[in-house]
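Chain by chain, the residues run as shown.
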Amino acid sequence: DDDEMIEIQITKNGSRLSKKMNNQTSDHKNTVRKVSEWLPSSVTAAKDGKLAYEMKISEKKERRRVRDGVNAPKLTGTSQYKVLKSSTVGIRDPASSSAVAFGLQLLHSCLKKSKMDIEDPRNVTLSDSLVPLLTTCVRHCTDNVVITFSLKCLIILLRMDLPSVPQYSKKLGGHCLRLLTLTGATSKTQSEMIQICFKMLTLLMAFSKRKTLTSPSSTPVLSETLNTYDREQSTAAHIKETEHNPLPLGDQQMQVLVSFLQTAVTDYEHHHATFGLIKSITSTNCISPQFYDLMEILLKLTVQSQKVNIREQSRIVFMQYLIEYPMGQHKLESHLKQIVLNLNYEYEDGRISAIKLLEIVIGKIPIPLLQEHTQLFFLPLVLQLVNDQSKQCRESVADCILLLLKRLPSDSLQSLYGYVIRWAKQDGAESQKLRRTSAQLFGIFLDAREDFFKKGNISVEMIQIVCVFLVDELGTGDCTDILLGRDWEVCYFCLICAEKINTKLPSITCSNMQLWKLLLKCLAHPHPWIQRVSSRIINSHISQLDLQNLTKRGQKQSFITLVPGSLFQIARNLCYQLNTDEKQQNESINVLAIKSLTWVLKAMDKFPNLCFEEGADDTFVDSAGVHEEQKDPLPIKKPVLWLMMRLSNIAKSHGTKRREAIFKCFAAFVTTCDISIIIPHIELIVEPLQREISEDSSKTSSFSQPSSFDTNQVVTNKVDLAQEVLQLIEDKCGTEQFQKVCVAVKKKAREKRDKRKQEITSEAIHDPVAYAKRKVLKNQKKRFTQKRKIEERRKSRGASEKKSRYVE
């Protein structure tokens, strides 16, 4: 009964359980009842051992059987063998995700390979219907493959102007930022998911910017930011404008994204998507402290990055930020000073990148702002121009200074030019470096502002300074051997400046005879650069002269007619250039010398009196031009004969490049000069040409093989050139006269050879000691030649070089 409180004691396996009731009665306190035992059922039990074994095997097979989909049971718990329903529904189902991923791969392949017309309304309508579906896949699917290919398809579709993109822009942008957070964008950027998210955000921001620009209410905010210095008002207007921009991310989300980019921008392998996103953010005029910190990082990367593309992209983004973004005066000056300090970077590539960035800054910022920071730019650039060891850096700095001078107004330019004049007039230990700097800057000023030198006496003053520099460098003596210059760079830059003045302001240089006298001396300077520049100046001057009316009144003034003996000095110094050592032969210098000598030869023939100085003797005093056999001075008023003999004697010396230069000079004479100049001196022209051919024939008839293919090719080219010049002479003078000259030259050479042999033979009687020495030297030379030829034949067969037994 319910009213009775009973204590029931249950005993099982020696254990006792008790349950006490609140209402106890004394009558039933010690009552004990027994509970019956439950035994396993024997209905399904096997009747024998064989049947039990078969039942056990069937149970094992049933447990191992795989059940797919909703029929797959759980493997643990009480419902291990029960049929359960799947907890996944829709796109998160593994089977559905696999099917969706396959379909997205097909869609991406089709969109990527097909050449779809993005302006076709039908294509736009069909593509627009895919945007909601792909957005759903990105937002609600957990499969990385589905998300990746959905984003790839959206990247292709976002290049079209689809109506539904603004509706899903913020959803896609927010979820892309969430994916960046989950995939660890702060630690690794090489993931494909991160790169795709960057590209997706780039296109979304570009789409929002395009919509903002096309809307009628959009107005530029920062167009006058740098022209006016009201930075605070521009910043407030900019913030108000950005509140209405339909960007895919909010302000806080944008700050998080920029913090991701601060880490991603340092990745050198995967930077294309990163810089694309930074450019898009910069174009949206996003303002945040994180973004300004990002620009500081990009400024460092412009010089510190090892990738050329990263340095270039960093320069572009930073320049866009510097021009378009509002900033205070202190911030702007800090950026400009850092750009200038980067000019002193340790490595050449970084310095070149810093110079390019500074050049872009000078070319883009407004003129009032440039004029305010002229001193900040000019002086460091000049120091870098003088002290930098890299040629490419110096050229880039010169271009940067040139652009600076072009943009500055006249008053600022006059101030900078005053610095250069003061440097040029300095005396003391450092005057040489300052002179070199001022001479180099004179040329840059001339290239930048030609109109500046046409005012007043600025150009005349500069010419006088250049002449003073050249006089100090060259000295006042003759320069046929070695000049007294202490530093060739000062002389070189002075000549560059003189060349530019002669090109831009020829009326000033034509009247300065001191300058032309110094240029004549520079023709014989030992440095090839100075020879080349001086040859260019003189060749450009004489090529503009009319040879027929050179001495007539009313013609263009020239130092050739005003300075007596200048024509001879030109010929003598140009012959000096052609007679340099084989290692110092320069093709460009030889070409200029040949052009000038061709004009000089015609002038010598027409105006021989211009070759002599006033009060000079009736002979040429030029020991370098007199051959061994021609010790007597040449007769008066025959400068053409002297020039032909000088060139013929130069060609007698051994040297492939020297002889080629003389042969080309002879070819120019024969082609351009009158026959009246060639006929009297044809023997002097033919003699070195015939000697070259005879020497080649004697080498060919020798028993030895050619030393190498390159040497044989050079000799063949030289002989072919000599034969071509002889053919020109034959065509110019006629076959009969040419044959007579050739016979006379060969006869003269044979007589000279026989005379030399008789002298050697008679030397054995008159001076046996000298004869014995000559014979010993001849035998030594012969043995050396034989060893050399044997070694060359061994090398031609591919044998290794034989080692000498003697150790020096």
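The preceding data block contains the structure.
Here we summarise the structure given alongside this text. (Residues numbered from 1 in each chain as written. Predicted model: local features only at pLDDT ≥ 70, side-chain atom pairs only at ≥ 80, totals over all residues. Heavy atoms only, no water.)

### Comments concerning the packing of helix 4 (residues 130–140) against helix 5 (residues 144–157)
So, point 1. Where helix 4 contacts helix 5, the two axes come as close as 8 Å, and the packing angle between them is 150°. Accordingly, the angle class assigned to the pair helix 4 and helix 5 is roughly antiparallel. Once helix 4 is placed against helix 5, the crossing between them reads as left-handed. Where helix 4 approaches helix 5, its residues Leu130, Val131, Leu134, Cys137 and Val138 are matched on the opposing element by Val146, Ile147, Ser150, Leu151, Cys153, Leu154 and Leu157.
So, point 2. In the contact of helix 4 with helix 5, the residues fall into eleven nonpolar, one polar and no charged. (Axes fitted to C-alpha atoms, helices over the stretch in contact; angles between N-to-C directions. Helix = DSSP H or I, 4+ residues; strand = E, 2+ residues; numbered from the N terminus. Parallel < 35°, antiparallel > 145°, perpendicular 65-115°, else oblique. Left-handed = near helix turned anticlockwise from the far one by under 90°. Contact = heavy atoms within 4.5 Å. Nonpolar A, V, L, I, M, F, W, Y, C, P; charged D, E, K, R; others polar.)

### A short note on the packing of aromatic side chains
So, point 1. By the definition in use, this model includes 19 aromatic pairs.
So, point 2. Ring geometry for Phe291 versus Tyr325: centroids 4.9 Å apart, planes at 20°, classification stacked. Taken as a pair, Phe291 in helix 11 (residues 289–304) and Tyr325 in the loop between helix 12 (308–324) and helix 13 (329–341) lie far apart in primary sequence, 34 residues in all.
So, point 3. A residue is classified by how much of its surface remains accessible, and Tyr325, at 0% relative accessible area, is buried.
So, point 4. Through successive ring pairs, a cluster of aromatic residues spans Phe291, Tyr292, Phe318, Tyr321 and Tyr325. (Phe/Tyr/Trp six-rings, centres within 6.5 Å; stacked < 30°, edge-to-face > 60°. Buried < 20%, exposed > 50% of the residue type's maximum accessible area, 1.4 Å probe, protein only.)

### Things to note about the environment of Cys393
So, point 1. Following the sequence through the fold, Cys393 ends up in helix 17 (residues 391–407).
So, point 2. According to the relative accessible area criterion, Cys393 is buried, its value standing at 0%.
So, point 3. Each C-alpha atom of the pair Cys393 and Ala354 lies 9.9 Å from the other, and the pair is 39 residues apart in sequence.
So, point 4. Dropping the residues within four chain positions of it, Cys393 is found in contact with Glu348, Arg351, Ile352, Ile355 and Asp388.

### A look at the side chain of Asn123
So, point 1. Within the secondary structure, Asn123 sits in helix 3 (residues 121–128).
So, point 2. With near-sequence residues (within four places) excluded, Asn123 lies in contact with Met116, Asp117 and Met160.

### So, the environment of Leu383
So, point 1. Among the secondary structure elements, Leu383 is positioned in helix 16 (residues 374–387).
So, point 2. Put simply, Leu383 and Leu343 are 40 residues apart on the chain and 10.0 Å apart in space, counted from C-alpha to C-alpha.

### Considerations on the side chain of Ser353
So, point 1. Mapped onto the elements, Ser353 comes out in helix 14 (residues 348–364).
So, point 2. By relative accessible area, which is 2% here, Ser353 ends up buried.
So, point 3. The residues contacting Ser353, other than those within four sequence positions of it, are Thr302, Arg311 and Arg315.

### A few points about helix 11
So, point 1. In this model, helix 11 (16 residues) spans 23 Å end to end at C-alpha, consistent with the 22 Å of a helix rising 1.5 Å per residue.
So, point 2. For helix 11, the complete set of buried residues consists of Phe291, Tyr292, Leu294, Met295, Leu298, Leu299, Leu301, Thr302 and Val303. (Expected span 1.5 Å × (residues − 1).)

### Digging into the pattern of salt bridges
So, point 1. What the rule picks out here adds up to 17 salt bridges.
So, point 2. The residue Asp447 makes a salt bridge to Lys500 at a minimum N-O spacing of 2.6 Å. Of the two residues, Asp447 is situated in helix 19 (residues 431–448) and Lys500 in helix 22 (residues 488–504); the sequence distance between them amounts to 53 residues.
So, point 3. Since its relative accessible area comes to 32%, Asp447 is described here as partly exposed.
So, point 4. The partner of Glu792 in a salt bridge is Arg788, with the nearest N and O atoms 3.3 Å apart. Here Arg788 and Glu792 lie together in helix 35 (residues 768–796), a separation of four residues that amounts to about one turn.
So, point 5. Within this structure, Lys652, Glu687, Arg691 and Lys752 form a network of salt bridges that share partners. (Salt bridge = Lys/Arg side-chain N within 4 Å of Asp/Glu carboxyl O.)

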